[in-house]
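Observations on chain architecture
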Amino acid sequence: MKLIGSYTSPFVRKISVILLEKGLVFEFVNQSPWTDDTHVPQYNPLGKVPALIDDNQLTWFDSSIIAQVIELRGDAPALLPDDPLRALQIRQLEKLADGINDAAVMIVREQMRPGDRQSEEVLLRNRDKIQRGLDALETAAAQGELLNSGALNLADIATGCMLGYLNFRRVMPNWCVNRPALVKLAETLFERESFARTVPPTC
């Protein structure tokens, strides 16, 4: 398998963590979607990462789709339960974490613009999305059923990669305030080898 993506993308990190947790061998192709000479559109018409070329040379894109493709292989450990409804609930939390990442990326990109061209409305709207999303994930983590249950699943991985991205990009540096369940989950996940090996580079 070949994984195309950037080391700093939380969506790419999610797939890397899944592959590492399952002990699957893959080649990583470092490609930023933001450079003029990027090859990412060759794999994803939308020009986004990650993309995955599987063992049958089929190309997949969108991290949620790729996660499902990997899960369908049947490699242990299973990251989704057999019960379809419960699996869908976990996948909804995965998408919630991904949505927070989308909002965080919007903030990062907006803050890269000259100060006088930044939109305060865009920044505030996306910060609100992040706050609401984190509150919902905190509730789920505190309940400990679909998230933070002690048995690693897809929602845990997506949430851990999202929190790592907030830390890495210093978006919402106070996210941990009044969210003890998410803090506990993050601490537990960041100790895993799969997360330690996929920490984004600082330079």
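Residues numbered from 1 in each chain as written. Predicted model: local features only at pLDDT ≥ 70, side-chain atom pairs only at ≥ 80, totals over all residues. Heavy atoms only, no water.

The name an unreviewed UniProt entry gives the protein is Glutathione S-transferase, with Candidatus Pantoea floridensis as the organism.

Digging into the UniProt feature "domain: GST N-terminal" (unreviewed entry) in the protein
This is how the line gets drawn: UniProt positions are given in the numbering used here, feature names are shortened, and annotations may be inferred rather than shown by experiment. The way it works is that DSSP assigns letters per residue, a run of H or I at least four long becomes a helix, a run of E at least two long becomes a strand, and they are numbered from the N terminus.
This chain's UniProt record puts "domain: GST N-terminal" (unreviewed entry) on residues 1-78. Here residues 1-78 is 28% helix and 18% strand, with 19 Å between the C-alpha atoms at its ends.

Considerations on the domain arrangement of the protein
What counts is decided by this rule: Domain boundaries shown here were taken from an automatic or database domain assignment. By definition in these notes, contact holds between two residues if any of their heavy atoms fall within 4.5 Å. Accessible area, probed at 1.4 Å, shrinks when two parts are joined; the buried area is that loss added up over both. By definition here, a salt bridge exists when the distance from a side-chain nitrogen of Lys or Arg to a carboxyl oxygen of Asp or Glu is within 4 Å. Counting of polar contacts relies on pairs of N or O atoms within 3.5 Å, with two restrictions inside protein: one atom must be capable of donating a hydrogen and the other of accepting it, and residues adjacent in sequence are counted only when both atoms are side-chain atoms.
When the domains of the protein are assigned, the result is domain 1 (2-73) and domain 2 (84-192). The gap between the C-alpha centroids of domain 1 and domain 2 is 20 Å. At the junction of the two partners, domain 1 supplies 15 residues and domain 2 supplies 17 residues. Together, P10, F11 and K14 form the three largest contributors to the area buried by domain 1 at its contact with domain 2, with a combined 35%. One can count 3 salt bridges joining domain 1 with domain 2. Salt-bridge contacts for K14 lead to D98; the nearest nitrogen and oxygen are separated by 2.8 Å. Along the contact surface separating domain 1 from domain 2 lie 7 residue pairs in polar contact (both at pLDDT 80 or more).

Structural notes on the packing of aromatic side chains
Just so we agree on the cut-off: Stacked, tilted and edge-to-face pairs are distinguished by plane angle, under 30 degrees for stacked and over 60 for edge-to-face with tilted covering the rest, among Phe, Tyr and Trp rings (Trp via its six-membered ring) whose centres lie within 6.5 Å. Residue exposure (1.4 Å probe, protein chains only): buried if accessible area is under 20% of the type maximum, exposed if over 50%, otherwise partly exposed.
As enumerated under the stated definition, the model contains 2 aromatic pairs in all. With 4.5 Å between their ring centres and 20° between their planes, Y7 and F28 make a pair best called stacked. Remark: F28 occurs in strand β2 (residues 27-30) and Y7 occurs in the loop between β1 (2-5) and α1 (10-21); sequence separation between them is 21 residues. The class of Y7 is partly exposed, set by a relative accessible area of 44%.

With respect to the environment of I130
Along the chain, the position of I130 falls in helix α4 (residues 120-143). Overall, I130 belongs to the buried group, its relative accessible area being 0%. For the pair I130 and A97, spaced 33 residues apart in the sequence, the C-alpha separation amounts to 9.1 Å. Those residues in contact with I130 that sit more than four places away from it in its chain are I100, A103, A104, I107, L166, V171 and M172.

Description of the pattern of salt bridges
Evaluation of the coordinates by the stated rule reveals 11 salt bridges. Linking R113 and E110 is a salt bridge whose minimum nitrogen-to-oxygen distance equals 3.3 Å. In this structure R113 comes out as partly exposed when scored by relative accessible area, which is 34%. Here the residues in one salt-bridge network are K14, R91, E94 and D98, joined through shared partners.

Notes on the packing of α4 against helix α6 (residues 180-190)
What counts is decided by this rule: To define axes, lines are fitted to C-alpha atoms, for helices over the stretch in contact only, and angles between the resulting N-to-C directions are given on a 0 to 180 degree scale. Between 65 and 115 degrees an angle is taken as roughly perpendicular, under 35 as roughly parallel, over 145 as roughly antiparallel, and anywhere else as oblique. Only Asp, Glu, Lys and Arg are considered charged in this grouping, and only Ala, Val, Leu, Ile, Met, Phe, Trp, Tyr, Cys and Pro are considered nonpolar; every other residue, Gly among them, is considered polar.
The contact between α4 and α6 brings their axes to 7 Å, and the two run at 75°. On the basis of their axis angle, the class for α4 and α6 is roughly perpendicular. On α6, the residues that touch L134, L137, E138, A141 and A142 of α4 are P180, A181 and L182. Considering only residue class, the contact of α4 with α6 consists of 7 nonpolar, no polar and 1 charged.

Some words on the pairing of β2
Basically, it comes down to this: A pair of strands counts as paired when DSSP detects no fewer than two bridges linking them. By definition, the crossover connecting two strands over a helix is right-handed if that path, from the first strand to the second, turns clockwise as seen with the strands pointing away from the viewer.
By the bridge criterion, 4 bridges tie β1 to β2 in an arrangement that is parallel. For I4, the partnering residue across the bridge sits in β2 and is V29. Remark: the β1/α1/β2 crossover connection has right-handed handedness.

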